[in-house]
Amino acid sequence: MTVRLYDTKAGALRDFTPLRDGEVGMYVCGPTVQSSPHIGHLRSALVYDQLRRWLSYRGYNVTLVRNVTDIDDKILVNAAAAQAEGGTEDWWALAYRFELEFTAGYTALGIQAPTYEPRATASIPQMQEIIARLIERGHAYPAADGSGDVYFDVRSWPSYGELTRQSIDNMEAAADADPRDKRDPRDFALWKGRKEEEPASAAFPSPWGAGRPGWHIECSAMSRRYLGAEFDIHGGGLDLRFPHHENEMAQSTAAGDAFARYWVHNGLVNVNGQKMSKSLGNSVYAADLLGAARPLVVRYYLGSAHYRSTIDYHDGSLAEAEAALDRIAGFFERVDRRLASTRFAGSGVEIVPPAFAAAMDDDLAVPQALAVLHDTIRSGNAALDAEDLEAAATARGHALAMTEVLGINPLSPQWNTSGSSAADSALAALVDRLLADRQAARADRDFAAADRIRDELTSAGITIEDTPTGSHWSIEQ
């Protein structure tokens, strides 16, 4: 089956046909490193990690570029505010500090590192080259007031508004720069001349005067530099469609580049039914989220909804994910124990079943794919109950392949932390001791005592499974 993706520009599902056979070039708008990452940043990065993993499983060689916007109005404002309160951190140091926080969050969730992760400040010449082409083609103009600003002339480009299906006259004025000498309030900044109050270190020389790039031109330059004038997929959060992606597409195509063939946007994250915002004080930061549950649990939760849907974070969200993962891990533990020392050990072929593949091919339908995974877990447990070891081994292979594709394999070394908590160790010691007492009682044919121990463990939420290799326990879900 052909992979299909919802293309925002077309407003429809489209069969995915790459620019070059067997290769995929994907650009994802990364963070503006002005402050700490929140749950929405993690969700967006995870969506494109899932897409990358699936395309790779389908045999494509994926080049993923995810940028870092390390110079921006908000970065300068936040650094200046901190310095006004006695801080000494420069804007570039603040940006790097928050960049490390983003990287730590991505790594904790098992999000694969991008092929390239360029910083905006490293591609200034490429940005200026595009701006010069736009001026030459009549789609951009330097401000006549000597400010050093350069603007994109939106009315010079008939296709402006095509991505979000808007007419220029219905758009709000661009708020990304002072309207010092704009021809139209909707014209957006390509280059921002330095202001007196801004640090000299944040200004770069240019043919139009010292300054820095506008936000939108950064991504056009970096995507072109690392993927070429035309590439397959451009991704990002739904909140970036306008003005950021609309402006990217306009300036790149007006400069003569074909740009992105498919536009993919992920949904946002609400908190307790409300849009997350600083003004409401309901932001959930990555550090808090990762402190509330194991990173694998957070990954499962954030990646369990369809990527285009809005997810709602609320009390209980992580508990539901924890229970689902425990069912998966419990099956792997049980099947590996039962198949050990049998001819079926390791015999299950690690390949995803057709229903899982069909779901993932259909616009990355992860909820339906997870349903296939959990159905496989149930059938695998039923096979173990029936002593059908061949079917259990097959289920194991399928389940392992599916969890690997989704990055939620609980057997993966990245999720296995060294050692356990003192409480876990104490619980294991107590239960193992009781199981030993129960085994001794059974050996002495004191079945009343053996049953009493089993009942005590069951009432405490401990499930006991008696197998030919001995008795094993797990916490009841």
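Preceding this paragraph is the structure being described.
Residues numbered from 1 in each chain as written. Predicted model: local features only at pLDDT ≥ 70, side-chain atom pairs only at ≥ 80, totals over all residues. Heavy atoms only, no water.

So, about the side chain of aspartate 149. Tracing the backbone through its elements, the reader meets aspartate 149 in the loop between β5 (140–142) and β6 (150–152). The buried category is assigned to aspartate 149, whose relative accessible area is 4%. Those residues within four positions of aspartate 149 in sequence are excluded, and the remaining contacts are Tyr141, Pro142, Ala143, Asp178, Arg180, Trp191, Lys192 and Gly193. (Helix = DSSP H or I, 4+ residues; strand = E, 2+ residues; numbered from the N terminus. Buried < 20%, exposed > 50% of the residue type's maximum accessible area, 1.4 Å probe, protein only. Contact = heavy atoms within 4.5 Å.)

Time to look at the packing of helix α1 (residues 39–57) against helix α3 (residues 91–108). Two elements in contact, α1 and α3, have axes whose closest approach is 10 Å; the angle formed by their N-to-C orientations is 55 degrees. Taken together, the axes of α1 and α3 are oblique relative to one another. In the crossing of α1 with α3, the sense of the turn from one axis to the other is right-handed. Between α1 and α3, the residues in contact are His41, Leu42 and Ala45 and Phe102, Gly105 and Tyr106, respectively. (Axes fitted to C-alpha atoms, helices over the stretch in contact; angles between N-to-C directions. Parallel < 35°, antiparallel > 145°, perpendicular 65-115°, else oblique. Left-handed = near helix turned anticlockwise from the far one by under 90°.)

Attention shifts here to α1. Along its 19 residues, α1 runs 27 Å from first to last C-alpha, staying within 8% of the 27 Å computed at 1.5 Å per residue. Counted residue by residue, α1 has 16 buried out of 19 residues, so it is predominantly covered. Following α1 by one or two positions, glycine 59 has its phi on the positive side, about 100 degrees. (Expected span 1.5 Å × (residues − 1).)

Here we come to the environment of isoleucine 408. Along the polypeptide, isoleucine 408 turns up in the loop between α12 (389–406) and α13 (422–443). A C-alpha to C-alpha distance of 39 Å links isoleucine 408 and arginine 442, two positions 34 residues apart in sequence. Residues within four places of isoleucine 408 in sequence aside, it is in contact with Leu296, Arg299, Tyr300, Leu325, Leu370, Leu373, Thr403 and Trp415.

Attention shifts here to the side chain of glutamate 246. By secondary structure assignment, the location of glutamate 246 is in helix α6 (residues 241–254). The buried charged residue glutamate 246 lacks any salt bridge, with arginine 241 as its nearest oppositely charged partner at 7.8 Å. One polar contact links the side chain of glutamate 246 to the main-chain amide nitrogen of leucine 163, over a distance of 3.2 Å. Those residues in contact with glutamate 246 that lie beyond four places of it in its chain are Tyr160, Gly161, Glu162, Leu163, Thr164 and Arg241. (Lys, Arg positive; Asp, Glu negative; His and termini not counted. Salt bridge = Lys/Arg side-chain N within 4 Å of Asp/Glu carboxyl O. Polar contact = N/O pair within 3.5 Å; in protein donor to acceptor, adjacent residues only side chain to side chain.)

Moving on: the sheet that holds strand β13 (residues 311–313). Strand order in the open sheet formed by three strands is β12-β11-β13, and the pairing between neighbours is mixed. The strands lining the two open edges of the sheet, one partner per strand, are β12 (274–275) and β13. When strand β11 (residues 269–271) meets β12, the two strands line up antiparallel, connected through two bridges. The partner of valine 271 across the bridge, within β12, is glutamine 274. (Pairing = 2+ DSSP bridges.)

What follows is about helix α14 (residues 447–459). Taking 1.5 Å per residue, 13 residues should reach 18 Å; α14 reaches 18 Å between its end C-alpha atoms and fits that length. If you check which residues of α14 are buried, you get Ala449, Ala450, Ile453 and Leu457. Projected down its long axis, α14 shows its buried positions confined to an angular sector of 105 degrees, all on one face. α14 presents Ala448 and Ser459 as exposed residues on the side facing more than 90 degrees away from its buried surface. Glycine 461 sits one or two residues past α14 and shows a positive phi near 90 degrees. (Arc of directions from axis to C-beta.)

Counting residues in each nonpolar core, the largest one holds 128 residues, and the members touching the most others are Ile233, Leu302 and Phe356. Broken down by element, this core gets its largest block of residues, 10 residues, from α12. In this view, leucine 302 contacts Ile39, Leu42, Arg43, Leu46, Leu109, Leu289 and Ile311; residues no more than four positions away in its chain are not counted. Residues Ile453, Leu457, Ile462 and Ile464 belong to the second largest nonpolar core, which totals six residues. (Core = buried A, V, L, I, M, F, W, Y, C linked by side-chain atoms within 4.5 Å.)

Attention now moves to unusual backbone geometry. Cis rather than trans, the peptide bond between phenylalanine 242 and proline 243 has omega equal to 5 degrees. A positive phi angle is found at phenylalanine 259, which is not glycine, with a value near 65 degrees. The topology assignment puts phenylalanine 259 in strand β10 (residues 259–266). Although it is not a glycine, glutamate 387 adopts a positive phi angle of roughly 60 degrees. Structurally, the position occupied by glutamate 387 is in the loop between α11 (366–385) and α12. With a relative accessible area of 45%, glutamate 387 lands in the partly exposed category.

A word on the packing of aromatic side chains. In total, this model carries 14 aromatic pairs according to the counting rule given. A network of ring pairs unites the aromatic residues Phe16, Tyr60 and Tyr262 as a single cluster. Directly above the ring of phenylalanine 98 sits arginine 97, whose terminal nitrogen or CZ lies 4.4 Å from the centroid. One cation-aromatic arrangement involves arginine 308 over tyrosine 6; the distance from NZ or CZ to the ring centre is 4.2 Å. (Phe/Tyr/Trp six-rings, centres within 6.5 Å; stacked < 30°, edge-to-face > 60°. Lys NZ or Arg CZ within 6 Å of the ring centre and 35° of its normal.)

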